[in-house]
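Observations on the model geometry
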Amino acid sequence: MTTANSKLCLNRRGVLKGAAGIAGISASGANLAFAAGPEGRKLVVIILRGAMDGLNVVVPYYENRYYAKRPNIAILPPGEPGGAIPLIDGFGLHPSLPGLAAMFNKGEALFMHAASAPYNERSHFDGQDVLENGTESPLGTLDGWLNRALVALNLSPGAVGVGQTVPLVLKGEAITTTWAPSTLPEADPETVEETLELYNTDPVLKAALQGAVDIGALVGDLNQLGVGFEQSARAAGKILVAEGGPGAAAISFNGWDTHADQTSVLNANLINLNNALLGLREEMAAQWANTAVIVATEFGRTLAENGTNGTDHGVGGAAFLMGGAVKGGRMVGGWPGLSPVDLFEGRDVFPANDLRSLFKGVLRDHWGVDLSALNNSVFPGSSGVPPKNGLVS
Amino acid sequence: MADLDALTAAHRFGLGARFGELDTIAPDPVTWLNAQLTDVSSTLDTFGLISSVDGIKLFYDFVAAFRLETSTSTTLATDKKQLKNTVSRYATFFESTKETKRSEQMLQLSKMDESMISSIATAASKPKAVKTSQDIQQEIINALFQDISVRTLHATVTPASFRERLVRFWTDHFSVDVNKGLNVVATAGAMEREAIRPHVTGKFFDMVVAVESHQTMLMYLDNWTSFGPNSWAGQQFGLGLNENLARETLELHTLGVGGGYSQNDIIEYAKAITGWTVGNPQINEDKIGEFVFDPLFHEPGTRTIMGKDYLDTGQNQGLDALQDFVRHPSTAKHIARKLAFHFHSDTPPQSLIDQLSQVFTATDGDLLQVSLALISAPEMWPVSGVGQFLKLRNSEEFILAMFRAFDLQGLTTDQVFNVFNLLGQVPFTADSPAGWPDDEASWASSSIIAARLNLAVLIGGLIENVPLPPDFASDIFGSHLSTSSFDILSGAFTKAQGYALMLMTPELQRR
């Protein structure tokens, strides 16, 4: 038995694109059974993994202590070279986020500072689990709050995750689909059909492959978009606004753990994020008025810079809410300030705002999830954390 | 039902059948499995792979080159004469760890992407008088790729595929992620060879000690720069504790979440293992890259962990606590549950978990006995056909089952890497110290299954000189290839399509 390994050409640039297969199956072969959002309202959840530094993104430039504690890495006040873009009330936005600032000025974006999932232990893994499972403990549930919201509204399959595996926030009972850019040639349509036949006895594998076929039927081959932050956001946008597209999408962006050389690392990430948010807005233009986008991270970072021109794991961070449906142009939630007595354990921004209040406010007012479901099934045991009012119109 | 038992042995315990292998196994599947635990004749060929000590030396070569190339570190004392007293030697080390972190960050930015892969070949072909940091970085990454390629080839051809599955199980139990930094890239493969493989059928305690004191784990979970606040170094330089390794030792490696320890126990144990570090050019030039216990990092005093006092016996203080963690009833349950979840299904029978846990406790964590108990557990042996093979293969298992079935030995190092990368599971890159997800919901995603199909079509087109697809599948899956799958393979338009479909059957996707 021999195999012709010499013919195996798997290097990315060596792969020729074949005829569109999974993505090219005609609509007749597809299920097209995505549940749209309630009244066509779209929800995007973007998770910034690694703990984005809230203080250098939504900059409290009026606080002297911010500059005192960050002599090397602080973002200068508006008007200075490389200074923050002014927002409101002494806060400014990192200069690499002009697109987001423009949305703020149009009333399409708002910021919640001093925000955190109900978790203060500063471990990325546990922090992300709590952020996504919607409980107060890393192992509180093994499924995610966005999936449970889909269940509460009976929207299944109702969401797409951009990435190779299903993120925790989307795991659960409601069927979700994932899309990831592929550098392989697509399988030919006949083989896709035959594989679906093979799975008549295996509903889980059938649903997974069918999901890929459905996405292909909705939007065709998205691989020409390429790989990256912005490309993922654009893919999500195309899938959401397609006729018959799902109501929700989840996207993860990694790389926010800026322990060292924060200025250049964060700057590069924010340029990508800015382009991703603008790309998403552009792709979703037709539905933008019905769209809300949550951008959240597991926790914030220390007020003081460390010895390697970076910051370490903290607690209170910053979250964004944007979209045509958002009542933006403002900051929401309390701001505890940066004086020593107001910090959490003397080092971090105090987590004055529970991120669940933001999530619950959006789910109630954008999607109409009722309060009892929010308190009991979507965010179990969260009746003490009421939804934030008036986030969306 | 010897035929079914052979299938179980090859696919549920092993890494999938090679062509003709079921016939070999069928006479006595249990003996076939048992023998793999005592006969170690099928060993990894480690020729050309680097040890962790050599990996770390390369890493420090990288740091030195990086320092020369950047102007930011001119304040660092590099003159040996300046390093003559203890304080200056340690001060220089602490400064250099900051640089290490900075260089780690550089690596994180580039990650393991295609630009890195393509640059390896060019770097290797250009010998230079003085290696740049970029050259050394590529040398280190190339060594990792070699490691991945060699362990993959071994898993492809070995007749002892159950033993190789166990290696992967334990490597994942003590997962490290090379994206942490170049020092972990340089040593991740070595940790499996040095700390996991020698103990797969030994005592769990010995494996735990080998891992927790291994340079890779000490660097991955930051213990190499964790300092007792009241130690000499802590006092001299105002340095403190890092709880990472202590937390994951308790939460992931031994007792498990909810195993009966508190946050305070984590802190106390973290103090007990301060001083477990890695030899470096500044402090211990003669031990670069080796495990070192440095008493000047070690928090003095008795530690109380889960109600028990541990006297300050230096390095042994942490070992004593570790011994008690391994003997704690929570550890037996945690390991038993993980084994059952991995080898049986996402919903393993409680009786199987209880049996494994009992053997673990009764034998003081003897992994040979625990593995034998897994083989002898009736719950592991389905009494009827393929519908009982419930566990979805993760991407590495899928790839290895494919490589074994078709004897795919000739892939280049880059191709092996790319196959793993395309299916989302490059070895040593799980992004959590908890390792790769082991549940169906994580792997049955649309993008993963679609990627498997795209890869299967590519591979199917390369297969030559083997029996026709339905006959080939009958060899790999025995008589338990379902009628519907057999019919679909028989109706394939081309042989290539048939082989692709065989790779996508539920019979191969599950085990």
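Residues numbered from 1 in each chain as written. Chains lettered and ligands numbered in written order. Predicted model: local features only at pLDDT ≥ 70, side-chain atom pairs only at ≥ 80, totals over all residues.

1. What about the overall build of chain A?
Secondary structure summary: chain A contains 11 helices and 13 strands in total. Of all 393 residues assigned to chain A, the portion counted as buried reaches 58%. Pairs at least 24 residues apart make up 73% of the contacts formed inside chain A by residues separated by at least 6 positions. (Helix = DSSP H or I, 4+ residues; strand = E, 2+ residues; numbered from the N terminus. Buried ≥ 20, exposed ≤ 12 C-beta atoms within 10 Å, placed from the backbone. Contact = placed C-beta atoms within 7 Å.)

2. Here we look at the overall build of chain B
On a plain count of helices and strands, chain B comes out with 27 helices and 5 strands. Out of the 511 residues in chain B, the part that is buried amounts to 53%. Residue pairs at least 24 apart in sequence account for 71% of intrachain contacts in chain B once pairs closer than 6 positions are excluded.

3. Here we look at the interface of chain B and chain A
Every contact between the two is made by 56 residues of chain B and, on the other side, 53 residues of chain A. Looking at the side of chain B that touches chain A, the element that brings in the most residues is helix H23 (residues 446-460) of chain B, giving 11 residues. Of the residues assigned to the side of chain B that touches chain A, the class counts are 29 nonpolar, 19 polar and 8 charged. (Nonpolar A, V, L, I, M, F, W, Y, C, P; charged D, E, K, R; others polar.)

4. A few points about unusual backbone geometry
Most peptide bonds take the trans configuration, and most residues that are not glycine carry a negative phi. At the junction of Ser 156 of chain A and Pro 157 of chain A, the peptide bond is cis and its omega measures out at -5° in the coordinates. Note on placement: Pro 157 of chain A falls in the loop between helix H5 (145-152) and strand E7 (159-162). One non-glycine residue, Met 306 of chain B, lies in positive phi territory at about 50°. One can find Met 306 of chain B in the loop between strand E3 (303-305) and strand E4 (308-310). Backbone geometry places Asp 407 of chain B, a non-glycine residue, at a positive phi of 55°.

5. Looking at the confidence of the model for chain B
When pLDDT drops low, the exact placement of atoms in the prediction is not to be read closely. Residue and element names in this part refer to chain B. Averaged over chain B, the pLDDT score is 89; the fraction of residues at 70 or greater is 90%. Overall, residues 73-78 carries pLDDT values under 50, and its contacts beyond four positions in sequence, including any with other chains, amount to 10 contacts. The low-confidence segment residues 108-126, where pLDDT is below 50, has 19 contacts with residues more than four positions distant or belonging to other chains. (pLDDT = per-residue confidence, 0-100.)

6. Quick word on the confidence of the model for chain A
Chain-level statistics for chain A give a pLDDT mean of 89 and a share of 92% at 70 or above. Long-range and interchain partners of residues 1-20 of chain A, a stretch whose pLDDT sits below 50, account for 44 contacts in this model, where long-range means more than four residues apart.

7. Points about helix H16 (residues 315-327) of chain B
For an α-helix the count is 3.6 residues per turn, leaving residues at separations of three or four pointing the same way. Here H16 of chain B spans 19 Å end to end across 13 residues, near enough to the 18 Å set by a 1.5 Å rise per residue. Gln 317, Gly 318, Ala 321, Leu 322, Phe 325 and Val 326 of chain B are the residues of H16 of chain B that are buried. (Expected span 1.5 Å × (residues − 1).)

8. Comments concerning the nonpolar core
Formed by 258 residues in total, the largest nonpolar core has its most connected members in Ala 236, Ala 249, Ile 294 and Leu 321 of chain A together with Ile 140 and Leu 356 of chain B. Leaving out residues up to four positions away in the same chain, Ile 294 of chain A has contacts with Val 45, Ile 46, Leu 321, Leu 358, Phe 359 and Val 362 of chain A. (Core = buried A, V, L, I, M, F, W, Y, C linked by C-beta atoms within 7 Å.)

9. Quick notes on the sheet that holds strand E3 (residues 58-60) of chain A
All names here are of chain A. The 3 strands are arranged E3-E5-E4 in an open sheet whose pairing can be described as antiparallel. Strand pairing shows two members of the sheet lacking a second neighbour, E3 and strand E4 (85-88), which therefore form its edges. Each adjacent strand pair in this sheet contributes to an overall mean axis angle of 40°, direction not counted. The pairing of E3 with strand E5 (residues 91-93) spans 3 bridges and is classified as antiparallel. Each bridged residue has a counterpart across the sheet, and for Val 59 the counterpart in E5 is Gly 92. (Pairing = 2+ DSSP bridges. Axes fitted to C-alpha atoms, helices over the stretch in contact; angles between N-to-C directions.)

10. Focus on the packing of helix H7 (residues 133-157) of chain B against helix H21 (residues 413-422) of chain B
Residues and elements named next belong to chain B. For the pair H7 and H21, the least separation of the axes is 9 Å and the interaxial angle reads 80°. In this view, H7 runs roughly perpendicular relative to H21, as classed from their interaxial angle. Listed contacts from H21 to Phe 145, Gln 146, Ile 148, Ser 149 and Thr 152 of H7 are Thr 413, Val 416 and Phe 417. Split into classes, the residues belonging to the contact of H7 with H21 amount to 4 nonpolar, 4 polar and no charged. (Parallel < 35°, antiparallel > 145°, perpendicular 65-115°, else oblique.)

11. Section: the pairing of strand E6 (residues 109-116) of chain A
All names here are of chain A. With 8 of its 8 residues buried, E6 lies for the most part within the structure. Bridge count for E6 against strand E11 (residues 317-322) is 5 bridges, and the pairing is antiparallel. What sits directly across from Ala 109, in E11, is Met 322. Examined bridge by bridge, E6 and strand E12 (residues 330-332) share 3 bridges and lie parallel to one another. Pairing of Met 112 across the sheet is with Val 332, part of E12. The sheet contact formed by E6 and strand E13 (residues 353-354) spans 2 bridges and is parallel. Looking at the pairing, Ala 115 lines up with Asn 353 of E13.

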